[in-house]
Amino acid sequence: GLVAEAAALYEDVHSTRREQLGAAHPDSLRTACNLGRCYNRLGNTDAAVALLTETRSAALASLGDADELTLAASHNLSETRAARGEFAEARTLALASLDARRRVCGEQHIH
């Protein structure tokens with residue numbers, strides 16, 4: 001279906017961006033977040049967890065814990081962990097992401 005097609009496109013773009021821009025470049029990280037989300041939706045949670053864990057670590061190191069890409073990687077990883085039944089890990093990631101969003105956007109923002 002469309003998610004499989006999107007994943008194939010993201011794989012190509014991700015590979016090119018990593019080669020040309022580097023793995024920690026924001027465009028590479030954004031593409032990795034989207035690819036990891038596709039993997040999760042396709043049921044390939046092993047690949048999703050591996051990619052999103054790597055992406056989250058790179059985003060934390062290069063952009064910090066309050067950057068939108070770091071938060072997106074954390075959120076996507078949380079969703080994937082929940083899909084695998086890893087609810088404690090998913091909850092920890094989700095709460096940390098929500099806390100960071102509240103710090104950055106304020107309490108009144110729709111998170």
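Coordinates for the structure precede this section.
The model shown is predicted, which means the values in this text are computed figures rather than measured ones.

Visitor: What exactly am I supposed to notice about the overall build of the protein here?
Guide: Assigned secondary structure in the protein consists of 5 helices and 0 strands. The helix and strand sequence of the protein, counted from the amino end, reads α-α-α-α-α. By the compact-globule yardstick of 13 Å for 111 residues, the protein fits well, its C-alpha radius of gyration being 14 Å. Judged by the C-alpha coordinates and their principal axes, the protein covers about 40 × 30 × 20 Å. A burial count over the protein gives 32% of its 111 residues as buried. Restricting to contacts in the protein with at least 6 residues of sequence separation, those with at least 24 account for 51%. Carbon and sulfur atoms make up 52% of the accessible area of the protein, which amounts to about 6400 Å² in all. Mean positive and mean negative side-chain charge positions of the protein (12 and 15 charges, respectively) differ by 5 Å.

Visitor: What exactly am I supposed to notice about the nonpolar core here?
Guide: Soluble globular proteins: nonpolar side chains tend toward being buried together. Core analysis: the biggest nonpolar cluster contains 11 residues, these being Ala7, Ala32, Leu35, Cys38, Tyr39, Ala48, Val49, Leu51, Leu52, Leu77 and Leu93. For this core, the elements supplying multiple residues, two or more each, are α2 (26–41) and α3 (45–63). Leaving out residues up to four positions away in the same chain, Ala32 has contacts with His14, Leu51, Leu52 and Thr55.

Visitor: Just to check I follow, could you spell out helix α4 (residues 68–83) for this structure?
Guide: Every α-helix winds through 3.6 residues per turn, so residues three or four apart in the chain are directed the same way. For α4, spanning 16 residues, the distance from its first C-alpha to its last is 22 Å, which sits close to the expected 22 Å at 1.5 Å a residue. When α4 is considered as a whole, its buried residues turn out to be Leu69, Thr70, Leu71, Ala73, Ser74, Asn76, Leu77, Ser78, Thr80 and Arg81. Where the residues of α4 are buried, they touch α2, α3 and α5 (87–105). With a side-chain oxygen positioned 2.9 Å from the backbone nitrogen of Leu69, the residue opening α4 is Asp67.

Visitor: Mind showing me how you'd approach α5 here?
Guide: Taking 1.5 Å as the rise per residue, α5 with 19 residues should run 27 Å; its terminal C-alpha atoms sit 26 Å apart, in good agreement. Looking at α5, one finds that the buried residues are Ala90, Leu93, Ser97, Ala100 and Arg101. Buried positions in α5, seen along its axis, are confined to an arc of 105° and lie on one side of it. For α5, exposure combined with an orientation more than 90 degrees from the buried face picks out Phe87, Ala88, Arg91, Thr92 and Arg103. Where the residues of α5 are buried, they touch α3 and α4. Among the residues trailing α5, Gly106 stands out with phi positive, at a value near 100°.

Cut-offs applied
Residue positions within a chain follow its written sequence, with the count starting from 1. Confidence filtering applies because this is a predicted model: local features only for residues at pLDDT of at least 70, side-chain atom pairs given and counted only at 80 or more, and all residues used for totals across whole chains, interfaces and linings. Hydrogens are left out, water is left out, and the side-chain values use all remaining heavy atoms of the structure. Counting from the N terminus, the helices are the DSSP runs of H or I reaching at least four residues and the strands are the DSSP runs of E reaching at least two. Each radius of gyration reported is based on C-alpha atoms, and the globular scaling rule is 2.2 Å times the count of residues to the power 0.38. Residue exposure (1.4 Å probe, protein chains only): buried if accessible area is under 20% of the type maximum, exposed if over 50%, otherwise partly exposed. Note on contacts: a residue pair is in contact if any heavy atoms of the two residues lie within 4.5 Å. Note on areas: these come from Shrake-Rupley sampling with a 1.4 Å probe, and a residue is covered only by the protein chains present in the view. For this count, His and the chain ends are skipped, Lys and Arg are scored as positive, and Asp and Glu as negative. Positions of charges follow a simple convention, taking NZ of Lys, CZ of Arg, CG of Asp or CD of Glu. By nonpolar core we mean a set of buried residues, namely Ala, Val, Leu, Ile, Met, Phe, Trp, Tyr and Cys, connected to one another through side-chain atoms within 4.5 Å. By this rule, a helix spans an expected 1.5 Å times one less than how many residues it contains. Polar contact is the term for a pair of N or O atoms within 3.5 Å; when the atoms are in protein, one must be able to donate a hydrogen and the other to accept it, and sequence-neighboring residues count only if both atoms are side-chain atoms. When we speak of the arc, we mean the arc of directions from the helix axis to the C-beta atoms.

Remember that the coordinates give geometry; whether it matters functionally is a separate question.
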